[in-house]
Amino acid sequence: MFQKSSLAKCINLAVVFGITTSAVPVLAEEIDQDSIEKIAVTGSRIARPEFTQPAPIVSIGADEIAKFGNVDLGQILAELPSVGATDTLIGNNNSNANAGLSSADLRRLGGNRTLVLVNGKRHVAGAPGSSQVDLTTIPSALIERVEIVTGGASAIYGSDAVSGVINVILKENYEGFELDISGGDSTEGVGTRDHKISLLGGADTSDGRGNVTFFANYDRTKEVMSTELRQLDGWGTVANPDDTGEDDGIPDRLRVPRVYSEMINATGVINPFFGEGAGRWTFDNAGNPFLQQERDLTNSFAFGNFPDGCDSCFNPEQYENYIPGVERITVGSTFNYELADWVDFYSDFKYVTADIKQQFQPSFQFGNIVINVEDNAFLDEGLRQTLLDAGQTQVSMAKFFDELGNRSASNKRDLFRFVGGFKGDFTLSETDFSYDMYYVWGETRNTRKTLNDLIPDNFAAAVDSIIDPETGEAVCRDGSVASVNGDQCVAYNPFGFGQASEAARDYVSADVTREDKITQELIGATLSTDSSQMFELPGGPLAMVVGFEYREETSATTTDEFTKAGFLTNAATPDSFGEYDVTEYFIEVNLPLLSGMFLAEELSIDGAYRSADYSHAGNADAWKAGLFYSPISGLSVRATVGEAVRAPNIAEAFDPISPGFARVSDPCDADNINDDPDRAANCAALGMPPGFQANDNVSIDLLSGGNPDLESETSSSTTVGLVWNPTFFDALSISVDYYDIEIEDAIIFVAAQDIADNCVDASGGPDESFCSQVDRNQDTFDIELVRSGYLNAAALNTQGVEFQVNYTNEIGPGDLNLNLLGNQLIELEQFEFQDRPDEVNDEKGEVGDPELQFRFTANYKWEDYSVSWATRFVDNSVTYDVSPNGGSPEDLSPHYIPSMVTHDLSGTWFINDKVSVRGGIRNLFDKVPPGYTVNPIYDLVGRRYYVGLNVQL
């Protein structure tokens, strides 16, 4: 009885729970109700008829994935309203450790709170110290579908599932051979070339009891620099000369293009910091001096606006990646074999190797190159005399060291994963049981090099050059100040580009090398059964799953000796190592209370509980309860409530105290001091002079590390939804789900900015607990050093409404499917310190967190042709802090990114049963956001195309 009533519900509601058109054509086929079996879907370990779960699930199939024309699964998922773009390939483009990685960030609560599974089992991480899975290592040729369930799911799957679970489900028991080739590029000259070749082959064993598959995949993504993006033009902000003060209705700052720095470039700039008499001088490539161009309006001490451009100024975009270059090879195999009627053996392994290339700004020295005017060996004689005539015997110089070679990042990342296990069914005392015993081993190794870094002490010795009176050659004045090989000092000519000798360049530079090793080992087992042989509830038998898992995680990073010694400009980070293990027990039950009754077509409740014992964080328990109620055919209510946990990851718990760098906008600066009512008084109490202007366009020193005393963070989540598939109009289905996730004791890295702000934003005087972590220069009052780390201090809250509308019907000679998936964000708040609820960071409506997002698709299939249209909407978003006591529209103009609507057109031609070709145009109308945002939520490339060929034998 239970199976039949659930089956009817399944058929009526199928189009509601699957958003993608790849699942829709199945609904148009004639379905044999007696042949449908219970299956397991994400959100539960209990096998049951699909689409009868309390938790809303979004599913995207392989056919739909192909329509994105993208090799990055993370970026594909980020176009869904529930997934943030924070940790995609583009989102990680300024990271070394995470270069080339693409992860998912559900509900924008952080990628470390999203659990990624493959076939329901954990996957080794891609980044050191974290649990974030690199989605690019999952072979696309094997993906059958991706299922997403948002809300706490730790009771079902364990730690990290605070904001939800992404389960990538792979094809099983494949027979045949498949070749797939695809590639694409920008139509607007951006150069976003990528291509992919994949092979998939599979066959059953001769006795028909097993199956073996082999797959291989090669994909390549071309590196794209920011300068290739048409809308970018050095956008920045400048002080508005018409501004008369706060709340005057006039923008404080204006957004303008071509905001550069005239104080530094690749040929060198002599700045008049020691006197104004001689002016600011720069050099051509050959080292010939000329007066530097002057700015129009001012951004900050170091940057200003040059409306007509400035060829001798520093433009940050020259060195910025938009997309790193990635070349990846994946190979692997699966094997399944029925050993007996009651036991099947299964296994799969894969090996992924990737080379990632991306650029960072070259090494630089800003203001701390001191040139002795009187006897420097390389200084132009005319400029020497000009400076001496102005009374300048020493001058300050700034320079980017492009001539050493770009400080490019080269990552070589290898991943190996093996899964093996036994599963099957048996009967004990007329009761049927299903079991699964499994073992998982994963390892990621990454060698990351930052090339052409500067050895500052060696450079200081080499740039202080004189002419040896005996030889007439340039030599170092005093090699003893060098960090390395002082007796081999080679004089360095910093004037112009490439004027220093090769020996001098080698003497002042070195590469930074770090090697990461991440391992994961997992042993687990599940046992499921139901009560059909003993008793049944009015809705059917009680179903239950119990299980056990033991997992060990390690992460280690080894750094080269030069870096550890602090010889280079990179932070002198020590080696790091951390490990933990966890033992977990869990149970899940499903109680079908009613079925086929008046006002109770179906009523069932779920429950799950998990107990975990972490070696580094103690005990952590999670639970979940769910309700599925269908009063009449075609109308259902679903709800879940639960508590999830996330244990501290290895970086958070074990990272050693290490130096680093941070950017801080000084809260005591005149432009910021009125952003909080307590700041002015507190800054004055710290000795800040009136009208203080901070030099905060440069990095400051940071000391930070892990915290072994961290505890697991906890979250409570609630979802309530309504599903309507009107019986009088089976072609239409609608679902609406409200979600609410609240995280307490959230583990947060206390940002340097937050420490500086909280020092002076406290009521009743400066907060000494934060002010003691900030060191200021006694003369200039500029912030020089901030100390930070991880704490169980934060709280995060989000609420919203997710909605789906689906229509599937025969129109004319073919089948039409229309689908709308959207999210209305109600709340997204972060309390850096949960005990200070007055200091809230409200992110709703800011760039990256729009209030409304939706994706609409229209697909029409007729005989051997399929055409699709997709529209994506991102609501207008502001670029200032919307938090109370944060920013305001008056802070800058324009202060928002307008609503963005992009359209995609794609099609497939099935030439015959074996061969198909596909193609599409993404962003058909070439809609890109303004040049003053590079947030990865937006398509910055514009119109581009892709084509593909699929051959199956």
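Computed from a predicted structure; not experimentally measured.

Some details on the overall build of the chain
Here's step 1: For the chain, the helix and strand inventory stands at 13 helices and 50 strands.
Here's step 2: Over its C-alpha atoms the chain spans a radius of gyration of 31 Å, differing by no more than 12% from the 30 Å that the globule rule assigns to 953 residues.
Here's step 3: Taken along its principal axes, the extent of the C-alpha atoms in the chain is 100 × 65 × 60 Å.
Here's step 4: Each of the 953 residues in the chain was classed as buried or not, and the buried ones make up 57%.
Here's step 5: Of all intrachain contacts in the chain linking residues separated by at least 6 positions in sequence, the fraction that spans at least 24 positions is 71%.
Here's step 6: Here the chain displays about 37,800 Å² of accessible surface, and carbon together with sulfur accounts for 53% of that area.
Here's step 7: Separation of charge centres in the chain, based on 62 positive and 147 negative side chains, amounts to 6 Å.

Remarks on the pairing of strand E34 (residues 658-662)
Here's step 1: Here E34 shows one buried face, formed by Ser 658, Gly 660 and Ala 662, and one open face, formed by Pro 659 and Phe 661.
Here's step 2: Summarising the sheet, E34 and strand E35 (residues 700-704) pair through 5 bridges and their orientation is antiparallel. In the sheet register, Pro 659 faces E35, and the bridge partner there is Leu 703.

Topic: the sheet that holds strand E22 (residues 364-372)
Here's step 1: Strand order in the open sheet made by the 5 strands is E17-E16-E15-E23-E22, with antiparallel pairing throughout. What marks the edges here is a single partner per strand, and that holds for strand E17 (289-291) and E22. Neighbour-to-neighbour, the strand axes of this sheet turn through a mean angle of 30 degrees, independent of strand direction.
Here's step 2: Against the sheet, helix H6 (residues 381-389) contacts strand E15 (269-271), strand E16 (281-283), E17 and strand E23 (394-400), and its axis sits at roughly 170 degrees relative to E16.

Notes on the pattern of salt bridges
Two side chains of opposite charge can pair, provided their charged atoms sit close to one another.
Here's step 1: Tallied over the entire structure, the rule returns 44 salt bridges.
Here's step 2: Between Arg 551 and Glu 584 there is a salt bridge; the shortest N-O distance is 4.0 Å. Here Arg 551, found in strand E29 (residues 543-559), pairs with Glu 584, found in strand E30 (residues 576-597); they are 33 residues apart in sequence, far enough to count as distant. For the pair formed by Arg 551 and Glu 584, the shared burial category is buried.
Here's step 3: A salt bridge links Asp 737 to Arg 638; the nearest nitrogen and oxygen atoms lie 2.5 Å apart. Taken as a pair, Asp 737 in strand E37 (residues 732-749) and Arg 638 in strand E33 (residues 635-646) lie far apart in primary sequence, 99 residues in all.
Here's step 4: Here the residues in one salt-bridge network are Glu 64, Lys 67, Glu 79, Arg 855, Asp 904 and Arg 922, joined through shared partners.

Describing the sheet that holds strand E13 (residues 253-256)
Here's step 1: Ordered in space as E12-E13-E46, the 3 strands form an open sheet in which the pairing is mixed. With one partner strand each, in any of the chains shown, strand E12 (236-239) and strand E46 (892-893) form the two edges of the open sheet.
Here's step 2: With 4 bridges joining them, E12 and E13 adopt antiparallel strand pairing. Across the sheet, the residue bridging to Val 238 is Leu 254, located in E13.

What about empty space enclosed by the protein?
Here's step 1: Counted under the stated rule, the structure contains 16 cavities of 30 Å³ or more.
Here's step 2: Counted as a void, the largest cavity has a volume near 560 Å³.
Here's step 3: Asn 70, Gln 75, Ile 90, Asp 939 and Arg 944 are the residues nearest the centre of the largest cavity, which is lined by 38 residues in total.
Here's step 4: Every element with two or more residues in the lining of the largest cavity is listed here: strand E8 (176-186), strand E19 (321-323), strand E44 (865-874), strand E48 (900-910) and strand E50 (944-952).
Here's step 5: Split by residue class, the lining of the largest cavity holds 17 nonpolar, 9 polar and 12 charged.

So, the nonpolar core
Soluble globular proteins tend to bury their nonpolar side chains together.
Here's step 1: Judged by nonpolar contacts, the single largest core of 34 residues is most densely connected at Ile 743, Ile 783 and Val 786.
Here's step 2: Within the residue set of this core, elements represented by two or more residues are E35, E37, helix H12 (752-760), helix H13 (768-771), strand E39 (783-787), strand E40 (790-811) and strand E41 (814-831).
Here's step 3: Sequence-distant contacts of Ile 743, that is, excluding residues within four places in its chain, are made with Leu 109, Arg 113, Val 162, Glu 713, Thr 714, Ser 715, Ala 794, Ala 795, Leu 796 and Asn 797.
Here's step 4: Ile 270, Phe 283, Phe 401 and Tyr 507 belong to the second-largest nonpolar core, a separate cluster that totals 28 residues.

Side note on a negative patch on the surface
Here's step 1: Taken together, the side chains of Asp 621, Glu 643, Glu 742 and Glu 744 define an acidic patch exposed on the protein surface.
Here's step 2: Of note, Glu 643 is situated in strand E33.
Here's step 3: Of the residues examined, Glu 643 reaches a relative accessible area of 30% and is grouped as partly exposed.

Focus on H12
Here's step 1: Most of H12 sits inside the fold, with 8 of its 9 residues counted as buried.
Here's step 2: Along H12, the residues that are buried comprise Ala 752, Asp 754, Ile 755, Ala 756, Asp 757, Asn 758, Cys 759 and Val 760.
Here's step 3: Against E34, helix H11 (679-685), E35, H13, strand E38 (774-776) and E39 lie the buried residues of H12.

Section: the packing of aromatic side chains
Here's step 1: Inspection of every chain in the model, using the stated rule, returns 28 aromatic pairs.
Here's step 2: Plain terms: the ring middles of Phe 364 and Phe 400 are 5.2 Å apart, the flat faces sit at 45 degrees to each other, and that makes the pair tilted. Here Phe 400 lies in strand E23 and Phe 364 lies in strand E22, a separation of 36 residues in the sequence.
Here's step 3: Judged by relative accessible area, Phe 364 falls into the partly exposed class, the value being 35%.
Here's step 4: A centroid spacing of 5.9 Å and a plane angle of 45 degrees characterise the contact between Phe 426 and Tyr 435, whose relative ring orientation is tilted.

Observations regarding the state of the cysteines
Here's step 1: In total, this model carries 4 disulfides according to the counting rule given.
Here's step 2: The partner cysteine of Cys 310 in its disulfide is Cys 313, sulfur to sulfur 2.1 Å. Handedness here is read from the sign of the S-S torsion; for Cys 310 and Cys 313, about 65 degrees, the answer is right-handed.
Here's step 3: Paired through a disulfide, Cys 668 and Cys 683 show a sulfur-sulfur distance of 2.0 Å.

Considering the side chain of Asn 817
Here's step 1: Structurally, Asn 817 is set in strand E41.
Here's step 2: The buried category is assigned to Asn 817, whose relative accessible area is 3%.

Considering the confidence of the model for the chain
Here's step 1: Per-residue pLDDT for the chain averages 90, and the proportion of residues at 70 or more is 94%.
Here's step 2: Counting interchain partners and residues more than four positions distant, the pLDDT-below-50 stretch residues 1-37 has 86 contacts.

A word on H6
Because an α-helix packs 3.6 residues into every turn, residues spaced three or four apart end up facing the same way.
Here's step 1: For H6, the complete set of buried residues consists of Leu 383, Arg 384 and Leu 387. End-on view of H6: buried residues confined to an arc of 105 degrees, all on one side of the axis. Facing away from the buried side of H6 by more than 90 degrees, the exposed set consists of Glu 381 and Asp 389.
Here's step 2: In this fold, the buried residues of H6 make contact with E15, E16, E17 and E23.
Here's step 3: Two or three places before Gly 382, at the start of H6, stands the capping residue Asp 380, its side-chain oxygen 3.0 Å from that residue's backbone nitrogen.
Here's step 4: Of the residues flanking the end of H6, it is Gly 391, one or two places downstream, whose phi is positive at about 80 degrees.

A word on the pairing of E13
Here's step 1: The pairing of E13 with E46 spans 2 bridges and is classified as parallel. Note that in E46 the partner of Arg 253 across the bridge is Leu 892.

What counts as what
Residues numbered from 1 in each chain as written. Predicted model: local features only at pLDDT ≥ 70, side-chain atom pairs only at ≥ 80, totals over all residues. Heavy atoms only, no water. Helix = DSSP H or I, 4+ residues; strand = E, 2+ residues; numbered from the N terminus. Rg over C-alpha atoms; globule rule 2.2 N^0.38 Å. Buried < 20%, exposed > 50% of the residue type's maximum accessible area, 1.4 Å probe, protein only. Contact = heavy atoms within 4.5 Å. Areas by Shrake-Rupley, 256 points an atom, 1.4 Å probe, with all protein chains shown as cover. Lys, Arg positive; Asp, Glu negative; His and termini not counted. Charge placed at Lys NZ, Arg CZ, Asp CG, Glu CD. Pairing = 2+ DSSP bridges. Axes fitted to C-alpha atoms, helices over the stretch in contact; angles between N-to-C directions. Salt bridge = Lys/Arg side-chain N within 4 Å of Asp/Glu carboxyl O. 1 Å grid on protein atoms, 1.4 Å probe; cavity = no way out; pocket = protein on both sides within 12 Å on 5 of 7 lines; lining within 4 Å. Points joined across faces, edges and corners; volume = space filled by probe spheres on them. Nonpolar A, V, L, I, M, F, W, Y, C, P; charged D, E, K, R; others polar. Core = buried A, V, L, I, M, F, W, Y, C linked by side-chain atoms within 4.5 Å. Patch = residues over 30% accessible without salt bridge, like charges linked within 9 Å, V, L, I, M, F, W, Y side chains within 5 Å. Phe/Tyr/Trp six-rings, centres within 6.5 Å; stacked < 30°, edge-to-face > 60°. Disulfide = S-S within 2.5 Å. pLDDT = per-residue confidence, 0-100. Arc of directions from axis to C-beta. Polar contact = N/O pair within 3.5 Å; in protein donor to acceptor, adjacent residues only side chain to side chain.

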